[in-house]
Structure formats: structure tokens, C-alpha cells
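Working through the structure, step by step
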Amino acid sequence: MPKFIKGLALSEAFFNEAVKPILDTEFPSLCYSAGLIGPGSEVLGFDTEQSTDHDWGPRLLLFLSREDHPHYSAPIKETLGQKLPYHFHGYSTNFLSFPDGQSTRLDDISEGSVNHRIWVVTVEDNFRYYLGIDLERPFTLIDWLTTPQQMLLSLTSGQIFHDGLSRLEPLRAQFAYYPYDLWLYLLAAGWQRISQEEPFMGRSGQIDDELGSQVIASRLVHDIMALCFLMEKRYAHYSKWFGSGFARLKCADQLTPILQKTISSSGWQAREQHLSAAYHFIAEMHNTLGITVPLPTNVSAYFDRPFKVIHGDRFAAELLAKITDEEVLLLPPYLGGIDQWVNSTDVLSKGSRCKDLWGIYRPK
């Protein structure tokens, strides 16, 4: 087994040392872009040796113009298959499909054509797959709301090795983060989610439903983490990398121990103590943003019941009051972005399925 190389570095070297020289020789006048964006742990920088078992290796995307793609796609694939080395930095450049046809793994060969993983695509087709729309039309407010953060993260992470088309970097900049008023709306929805369940953890524990109390505490921890991504203007990862992505946030060093204690504590009173500390922390984060007037950062009673809450609805209301965009003001105030109310991977991993849900944002 060769020494492990992070996949993004491997793919960049593969392009510069193996792919680009072939293109320069065989297609000298071709204008193209190349990079590694989209799915894959290596795009996010989370790949380890375990990642090498499937869909990992010397791979990249080669972007052609819409005019050139019909003429050059097949010749480029065939030429690369014939001229690429069988191994690069110790790793096979040949991929074998698993029986399900959905995944691949590296497969050593010593003769014949390389079944490489250099996808020759257009910018339009690639972005259409992730965003579910044609780039020819404007990216609307509803498009933003029905595009999962993980997809936006996948398109804006990774690396562009060469942008001869001069399109990828401007597009990635366009989708770097949400428009301001939409960001306020998503922040409000994040606080509203906390408000919806913050008294339930204690109430479940009070009636000796320890498991139910633990589940609600876990949900609140997730919502706190998701809100932190928004406050730091970072797209949130999907479940597999959610904690790893959170660890990269500025707040993580201080907040992670508090959230871990919340999850591991026995008894609702102990969980409430740690949740209260977490609420105080994120309320201070909110005030530091300077968007609204400073709001109370300490927990207080939920009506006359013995449960301490931060009253997330107050934060939501203040944020919504700062929105001036008329289109954003028409959105359901309780809803938020698609990954704030949908948690099915089968939906969130397919741009077209997400777009099927756009009607829920239609003003009543």
C-alpha cells in the first residue's frame, strides 16, 4: 500500500504531472478548466486511508465549453485512457465499478486502456446537477432555499487547478454564501427551531422519560451547532461530516466541551445546566454580530415551570425585523432553508428532488 496522500493534493499533482501534458500535446488549442469539486471526502479535506476503499483516487473534472464538448469529449476520454500511466504516486489510475454501478474502486492493471475517472463535462451540466437549474437563468431566492448547504459547500470547496474558461472561479464566488437578508431569515429560522423545543428536554425528564429527554437534548445540540455555522457564515456539512466541519468553526474550541457534556449527562437537570451554558454562549455570539439590539444572554424560566430557556423566539423576532428585502419578507417565518426542515439524505443529495419542494415557499 503506498503512503497515503490527501486526495485533493493527489488530484492536483495528477492534473499537473500526468493529465495536462497529454492535453497540451494532443489538444494544444483546447480551452478548458480543471479541478476537483463536488462529492467526495477529499473535496472537503476529510479523507483518510479509509477513504481509499471507494470513489477515491487520482481523479478530477475537466470542463469544456458547450461548443467544444460534443466534439472533444469522446476523443479526450479515449486519448487519456490510452496515454495515462497505470500508476501515479503509487496509486492505480484505473477504476473498477462495483456491482451496484454506483461506486468505484482502484484496480491495478498493467496493460490495455485505463478506465480513468476524469469526467469531461460542461460547467452548465455540472452546476445543473447540483443546483437543479440552468445557469442561463438567475439563481432565485427559492433556488437558494431549496439547495442544501452541503451542495453549496461541495461546489465552493475543493480546488480549481486551471480555469482557462474563466467561469468556475466567478461562479464559486457567486455561491460563496447567502445574500444578506436571506442570511438573516435563516438565522431567525435557526433560533426559532431552538425555541420550538427548548422547554421539552426538561419536561420529558420531569416525567421520567430519560430517553426522550436525551433525544430532545441531542436535537437541541444539533440546532445549536447548525446555528453556529450560520453565525460564522459557513455552509454546514451533512451528517457524516457535520461534527468534523463544526470543529473547524471559531467557536468550536469553547463550545464543543459544553455540548459534549450536554449529550453525556444523566438526568435532565444536569443536561439543562450544560444547555444553559451553551445558550449563553450562542446568545453572546449573536450579540457580537451587531445585527440587532443586544439581547439577554442568560436563561430564564419558561412561564412558571421549572425549566430554563433562552427564549429563542425573541432572537428570531428581532432578526426578522431587520429584513428589508420584500421577497424575503413574504417567506414563511417558521420554515428556513431546506436542510432546516428536511433531514432525508435521499432528498438532500439530489438537487432535482429538492427543487420539487419549492412550492412550500409560495406565499399563501
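Now for a description of the structure that goes with this document. As the structure is a prediction and not an experimental result, all values here were calculated from the model. The residue count restarts for each chain, going from 1 along the sequence in the order it is written. Reporting in this predicted model follows two pLDDT cut-offs: at least 70 for local features of residues, and 80 or more for side-chain atom pairs to be given and counted; totals over whole chains, interfaces and linings ignore these cut-offs and use all residues. Side-chain descriptors were evaluated using all non-hydrogen atoms of the structure, hydrogens and water having been removed beforehand.

1. Thoughts on the overall build of the protein chain
Comment: elements are numbered from the N terminus, with helices defined as DSSP H or I runs of at least four residues and strands as E runs of at least two. Across its full length, the protein chain carries 17 helices and 10 strands. When the backbone C-alpha atoms are referred to their principal axes, the protein chain occupies close to 75 × 50 × 35 Å. Summary of the burial criterion: residues with accessible area below 20% of their type's maximum are buried, those above 50% are exposed, and those between are partly exposed, where the area comes from a 1.4 Å probe applied to protein chains only. Looking at the protein chain as a whole, 51% of its 364 residues qualify as buried. When checking whether two residues touch, look at their non-hydrogen atoms; a contact exists if any pair is within 4.5 Å. Sequence-distant contacts, at least 24 apart, represent 70% of the contacts inside the protein chain between residues at least 6 apart. Total accessible area on the protein chain stands at roughly 17300 Å², and carbon and sulfur atoms take up 52% of it. Between the centroid of the 32 positive side chains of the protein chain and the centroid of its 43 negative side chains there is a distance of 3 Å. For accessible areas, the Shrake-Rupley method is used with a probe of radius 1.4 Å. Any residue's cover is judged against the shown protein chains and nothing else. His is not counted, nor are the chain ends; Lys and Arg add positive charge and Asp and Glu add negative charge. A single reference atom marks each charge: NZ on Lys, CZ on Arg, CG on Asp, CD on Glu.

2. Considerations on the packing of helix 10 (residues 210-231) against helix 11 (residues 239-246)
Lines fitted to C-alpha atoms define the axes, with helix axes restricted to the stretch in contact, and inter-axis angles between N-to-C directions lie between 0 and 180 degrees. Where helix 10 meets helix 11, the axes come as close as 11 Å, and the angle between the chain directions of the two elements is 65 degrees. Helix 11 is crossed by helix 10, and the crossing has left-handed handedness. The segment helix 10 lies against helix 11, with H222, M225, A226, C228 and F229 engaging F242, G243, G245 and F246. Of the residues in the contact of helix 10 with helix 11, the class split is 6 nonpolar, 3 polar and no charged. Two helices that cross are described as forming a left-handed crossing if the nearer one is turned anticlockwise from the farther one by less than a right angle, and a right-handed crossing if clockwise. Polar here means any residue other than Ala, Val, Leu, Ile, Met, Phe, Trp, Tyr, Cys and Pro, which are nonpolar, and Asp, Glu, Lys and Arg, which are charged; Gly is therefore polar.

3. Focus on the environment of P75
Positionally, P75 belongs in helix 3 (residues 69-83). Between the C-alpha atoms of P75 and F27, which are 48 residues apart in sequence, the distance is 9.6 Å.

4. A short note on the pairing of strand 1 (residues 33-36)
Every second residue of strand 1 is oriented toward a common face, with S33 and G35 on one face and A34 and L36 on the other, all of them buried. Two strands form a pair only when DSSP identifies at least two bridges running between them. With 3 bridges connecting them, strand 1 and strand 2 (residues 60-64) associate as antiparallel partners. By the bridge assignment for strand 2, A34 is matched with L62.

5. Quick look at helix 8 (residues 180-197)
Helix span is expected to be 1.5 Å times the residue number reduced by one. Its 18 residues give helix 8 an end-to-end C-alpha distance of 27 Å, which sits within 8% of 26 Å, the value for a rise of 1.5 Å per residue. Extensive coverage of helix 8 is indicated by the burial of 14 of its 18 residues.

6. What about the side chain of D47?
Counting through the fold element by element, D47 comes out in the loop between helix 2 (41-44) and strand 2. There is a polar contact of 3.1 Å between the side chain of D47 and the side chain of W56. If we ignore the near neighbours within four places in the chain, the residues touching D47 are F4, I5, K6, G7, S41, E42 and W56. Distance and chemistry together define a polar contact, namely a pair of N or O atoms within 3.5 Å, with one atom able to donate a hydrogen and the other to accept it when in protein, and with adjacent residues in sequence counting only for side-chain atoms on both sides.

7. Description of the nonpolar core
Residues enter a nonpolar core if they are buried and are Ala, Val, Leu, Ile, Met, Phe, Trp, Tyr or Cys, with the set joined through side-chain atoms within 4.5 Å. By size, the foremost hydrophobic cluster in this structure holds 108 residues, and its most contacted members are Y178, Y185, I224, F246, L255 and I282. It is helix 10 that provides the largest number of residues to this core, a total of 11 residues. Discounting chain neighbours no more than four positions away, the residues touching Y178 are W144, Q149, L152, W183, L186, L230 and Y235.

8. Remarks on the packing of helix 8 against helix 14 (residues 312-320)
Packing of helix 8 against helix 14 brings their axes to within 7 Å, and their N-to-C directions diverge by 165 degrees. Classified by the interaxial angle, the pair formed by helix 8 and helix 14 is roughly antiparallel. Of the two elements, helix 8 crosses helix 14, and the hand of that crossing is left-handed. On the side of helix 8, the interface is formed by L184, Y185, L187, A188, W191, Q192 and S195, while helix 14 contributes G312, D313, F315, A316, L319 and L320. When the residues that make up the contact of helix 8 with helix 14 are grouped by side-chain class, the tally is 9 nonpolar, 3 polar and 1 charged. If an angle is under 35 degrees, it is roughly parallel; if it is over 145, roughly antiparallel; if it lies from 65 to 115, roughly perpendicular; otherwise it is oblique.

9. Brief notes about the environment of A13
By the secondary structure assignment, A13 is in helix 1 (residues 7-26). Separated by 148 residues in the primary sequence, A13 and F161 have C-alpha atoms spaced 9.4 Å apart. Residues within four places of A13 in sequence aside, it is in contact with A18, F88 and H89.

10. Brief notes about the state of the cysteines
Only a pair of cysteine sulfur atoms within 2.5 Å qualifies as a disulfide here. In the structure shown here, the tally under the stated rule is 0 disulfides. In this structure C251 is a free cysteine whose sulfur lies 3.8 Å from that of C228, the closest cysteine sulfur available.

11. Structural notes on unusual backbone geometry
In this structure, S166 takes a positive phi of about 60 degrees despite not being glycine. Structurally, S166 can be placed in the loop between strand 8 (159-163) and helix 7 (168-174). Positive phi values are uncommon outside glycine, yet D208 reaches one of about 65 degrees. Mapped onto the fold, D208 is located in the loop between helix 9 (200-206) and helix 10. Given the relative accessible area of 70%, D208 is considered exposed.

12. Describing the sheet that holds strand 1
Sheet architecture is open: 4 strands sit in the order 7-2-1-8, paired in mixed fashion. For this open sheet the edge positions go to strand 7 (118-122) and strand 8, each flanked by a neighbour on one side alone. Going across the sheet, the axis of each strand differs from the next one's by a mean of 25 degrees, ignoring polarity. As paired strands, strand 1 and strand 8 are joined by 4 bridges and run antiparallel to one another.

13. Describing the pairing of strand 2
Across the 5 residues of strand 2, 5 count as buried, placing the element largely inside the fold. On strand 2, burial covers both faces: L60, L62 and L64 on one face and L61 and F63 on the other are all buried. Pairing of strand 2 with strand 7, which is carried by 5 bridges, proceeds in the parallel orientation. Note on strand 7: the bridge partner recorded for L61 is W119.

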